[in-house]
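Here is how the chains run, residue by residue.
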Amino acid sequence: MNQDQEPKQPNGPEGNSEQSSLVSKLQSLGQTNVPQMEGSSIHCLTIVGQIEGHVQLPPNNKTTKYEHLIPQLVAIEQNPKIEGLLIILNTVGGDVEAGLAISEMIASLSKPSVSLVLGGGHSIGVPIAVSANYSFIAETATMTIHPVRLTGLVIGVPQTFEYLDKMQERVINFVTSHSGITEEKFKELMFSKGNLTRDIGTNVIGKDAVSDGLINEVGGVGQAIAKLNEMMEQNRLKKTNDGLEVIQ
Amino acid sequence: MTWYTLMPHELMFPDGQNGQSAQNSVQTQMLYKNIPVLVEQISPLEYKVVRVMSTDPAHFMNDDCCPGQILRADHS
């Protein structure tokens, strides 16, 4: 951990000084300043509820918005004080495009990332869970894998079907290329009958997700942070070695 | 718009609409002591913290901006 680290938040106020001067006037009623805490070298991204993309959902939905997550991921990538990312997932799914965008962002980070599925990481939560360098799932957590389908207005033309099929192919490709599961196995889980009440697909629980190769390990927050620290240490060593080679 | 979710469509859109109602028109994101927070305006000068939007775990230890806290705009 950096001892002299300023608790500067990643997407800092540079560039929007007008806004920050306005909001810096905000003060909590009758409370004094707390001592500033040292920042952490591990940052944590929590993805809860629905993943909201191009369409705003009605207020009864709990959502995680992609316009909030993407700048945070950029900030995590560019801030040298942040050395690792922990992603905590408890999501029911959401917008395919937004979910894949977040997954691609996490997968392309140069810093080590560890994901932890707690409760549920369903539908589009599956690619997000596997996008990290290493993934954990709680023993009781579940992941539902089912086909992508169109809700709302459906025009019964072959193009609609092809479009959906391509959408589904994007999800399958991402998951199979970022985890240990084979395409055949993933498709088998996705199209199996008799497991879900209203749908075809499979509800994969903790250990099963690991034995299918979808997730790396069963564990909780302790194991996830330990793994992340280990990966961060390796990253630091690699950087030092690279530096030495340059000097020589 | 393609949804890939477990949530049934009728639960996501209870009144049959297709998501045109602005969800968080009263919610805005702002910085409180350099911590990004999602707030809801409850009176012209008061904002209630809905969610801490930071990724820094240390920011969640700050009592001043825990969800539910009321922040007051100080115009002095």
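Predicted model, so just to flag it, every value in this text is computed and none were measured.

A word on helix H5 (residues 158–178) of chain A
Each turn of an α-helix holds 3.6 residues, which means side chains three or four residues apart point in the same direction.
Next, step 1: For H5 of chain A, spanning 21 residues, the distance from its first C-alpha to its last is 30 Å, which sits close to the expected 30 Å at 1.5 Å a residue.
Next, step 2: Looking at the buried residues of H5 of chain A, the elements they touch are helix H3 (96–107), helix H4 (125–131) and helix H6 (183–191) of chain A together with strand S1 (3–5) of chain B.

Looking at the pattern of salt bridges
All names here are of chain A.
Next, step 1: Under the definition given, this model contains ten salt bridges over all chains.
Next, step 2: The residue glutamate 97 makes a salt bridge to arginine 170 at a minimum N-O spacing of 2.9 Å. Here the residue glutamate 97 occupies a position in helix H3, and arginine 170 occupies one in helix H5, the gap between them amounting to 73 residues.
Next, step 3: Across the pair lysine 227 and glutamate 230 runs a salt bridge, and its minimum N-O distance is 3.6 Å. Of this pair, lysine 227 and glutamate 230 both sit in helix H8 (residues 221–247), three residues apart, roughly one helical turn.
Next, step 4: Lysine 227 sits in the buried class, given a relative accessible area of 19%.
Next, step 5: According to the relative accessible area criterion, glutamate 230 is partly exposed, its value standing at 41%.

Remarks on the confidence of the model for chain B
Next, step 1: Per-chain confidence: chain B averages 82 in pLDDT, with 84% of residues scoring 70 or above.
Next, step 2: Within chain B, strand S4 (residues 46–52) of chain B carries the highest mean pLDDT (91), whereas helix H1 (residues 9–12) of chain B carries the lowest (84).

Some remarks on the pairing of S4 of chain B
Residues and elements named next belong to chain B.
Next, step 1: Note that strand S3 (residues 35–43) and S4 share six bridges and pair antiparallel. Along S4, the bridge assignment pairs valine 39 with valine 49.
Next, step 2: From the end of S3 to the start of S4, which pair antiparallel, there are two residues.
Next, step 3: Bridging between S4 and strand S5 (residues 70–73) involves three bridges; their strand directions are antiparallel. Across the sheet, residue lysine 48 finds its bridge partner in S5, namely isoleucine 70.

Quick notes on the rules
Residues numbered from 1 in each chain as written. Chains lettered and ligands numbered in written order. Predicted model: local features only at pLDDT ≥ 70, side-chain atom pairs only at ≥ 80, totals over all residues. Heavy atoms only, no water. Helix = DSSP H or I, 4+ residues; strand = E, 2+ residues; numbered from the N terminus. Expected span 1.5 Å × (residues − 1). Contact = heavy atoms within 4.5 Å. Salt bridge = Lys/Arg side-chain N within 4 Å of Asp/Glu carboxyl O. Buried < 20%, exposed > 50% of the residue type's maximum accessible area, 1.4 Å probe, protein only. pLDDT = per-residue confidence, 0-100. Pairing = 2+ DSSP bridges.

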